[in-house]
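# Reading the structure
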Amino acid sequence: LGRCCDMVRTVGIFAVLVLVARISAQMGSGRRQRDKEAVMVKEDLKHITCDVCQMAMEKLFDATEEKRAEAIMTSVHTKPGQKKEQRSSFSEQDVNDVLLEVCHRRKKGGKWIWYTDLVEVGGGKAPSLDYGTTLHRPLSKSEKSSGARFLLVANTEEPGKWDHERATLKRSCEDVVDGMADVDELVVALWKRQTADGKDLDKKSLVRLGCKELTRSCKGGGRKALVVAKPKGGDGGGIETRRADAPHEAQDKQLLETEQMMQNMEEAGSPMVMQSREDIEEEMREMAEDMGMSPEEMEALMSSGGGGDPGGHGGDELGGLGGPGEL
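This report concerns the structure included in the present document. (Residues numbered from 1 in each chain as written. Predicted model: local features only at pLDDT ≥ 70, side-chain atom pairs only at ≥ 80, totals over all residues. Heavy atoms only, no water.)

## Things to note about the overall build of the protein
Helix and strand counts for the protein come out as 11 helices and five strands. With 327 residues in all, the protein has 37% of them scored as buried. In the protein, the share of contacts with a sequence separation of at least 24, taken over all contacts with a separation of at least 6, comes to 73%. Taken as a whole, the protein presents about 19,100 Å² of accessible surface, with 50% of it coming from carbon and sulfur. (Helix = DSSP H or I, 4+ residues; strand = E, 2+ residues; numbered from the N terminus. Buried < 20%, exposed > 50% of the residue type's maximum accessible area, 1.4 Å probe, protein only. Contact = heavy atoms within 4.5 Å. Areas by Shrake-Rupley, 256 points an atom, 1.4 Å probe, with all protein chains shown as cover.)

Here it is, written out as structure tokens:
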């Protein structure tokens, strides 16, 4: 019975190690991964500030309302001798928590950044968009007639790999929040769902407050057109140089969930250390030897992902493992 229980524990530990090994292989690890992390493009920021601010405010409004709906109702005394009143536990701190997440790629509130892309549009041509991609704010009539090209923010059906465009979107979002003249005014407005002049707060009024009144994100006219640089030369010839576009590449949704799980573990004081696949496999072999497993048993367990049945039917693509949320 003891050996049976030890085997069950080993299978569970192996399952976690195999999952981490596979995630490590896809995401990279430690300093090497940080060195490869996509870097934002500073030149693109001025072209997308207004659109990103609008999207951030809209996401912030939705997330706040979701948080409000989830808040627990509590009974409180208002006046002596009167019945208790039911009041929501929703507070300004809840709004602050939502605000801290809206630009965070590893938080639920910042998940929208993975589903956002940058697209060059204009130049007298109809936009060529990938399937499932829609422009957040299409070109206006004046922008179309100008013949210039613009860098627009688009929504995608599937999350994209973290590239320099998403890094730029994240930085733009952070600049909007960090550049607010009075963050408390935004927080209070969301908490009370009311503007400073006593009117009901909706998405439109929140965008106006966050992008025109508390920041200058959408002030100073329309969007800035992209400038196509041409090499200097007397004949004006040469090749035009444009910004480097990053094609939208779909990202595995499970990796997004894993990033969120790792962030939560780190905040809880139990950071997950990403190791190379080789190091993890070596640890698994050492554990198997300590448990007295034969080489055949060890190889069978490793090839099944740590959770498959003896017949080799692993279940899902992770060899019988559930998603990160099930660990």
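Next comes the rest of the description.
## Describing the packing of aromatic side chains
In total, this model carries one aromatic pair according to the counting rule given. Ring centres of Trp114 and Trp162 lie 4.9 Å apart, and the angle between their planes is 55°; this geometry places the pair in the tilted category. Within this pair, whereas Trp114 is found in the loop between helix 4 (92-101) and strand 3 (116-122), its partner Trp162 is found in the loop between strand 5 (149-155) and helix 6 (164-178), the two being separated by 48 residues in sequence. According to the relative accessible area criterion, Trp162 is buried, its value standing at 15%. Directly above the ring of Trp162 sits Arg105, whose terminal nitrogen or CZ lies 4.2 Å from the centroid. (Phe/Tyr/Trp six-rings, centres within 6.5 Å; stacked < 30°, edge-to-face > 60°. Lys NZ or Arg CZ within 6 Å of the ring centre and 35° of its normal.)

## Focus: the pairing of strand 5
For strand 5, the tally of buried residues reaches five of seven residues, placing the bulk of the element in the interior. Judged from the seven bridges that link them, strand 3 and strand 5 form a sheet pairing that is antiparallel. Residue pairing in the sheet places Thr116 in a bridge with Asn155 of strand 5. Both strand 4 (residues 134-135) and strand 5 contribute to a ladder of two bridges, which runs antiparallel. Considered in strand 5, the bridge of Thr134 is made with Asn155. (Pairing = 2+ DSSP bridges.)

## Regarding the side chain of Thr258
Mapped onto the elements, Thr258 comes out in helix 9 (residues 253-267). We classify Thr258 as buried; its relative accessible area is 1%. Polar side-chain contacts of Thr258 include one of 2.8 Å to the backbone oxygen of Gln254. (Polar contact = N/O pair within 3.5 Å; in protein donor to acceptor, adjacent residues only side chain to side chain.)

## Some thoughts on the sheet that holds strand 4
The pairing of strands in a sheet comes from backbone hydrogen bonds and takes either a parallel or an antiparallel form. Pairing within the open sheet is antiparallel, and its three strands lie in the order 3-5-4. Two strands lie at the open edges of the sheet, namely strand 3 and strand 4, each paired on one side alone. Helix 3 (residues 42-70) rests against strand 3 and strand 5 of the sheet, and its axis sits at about 35° to strand 5. Against the sheet, helix 6 makes contact with strand 3 and strand 5, and its axis sits at roughly 100° relative to strand 3, the strand it touches most. (Axes fitted to C-alpha atoms, helices over the stretch in contact; angles between N-to-C directions.)

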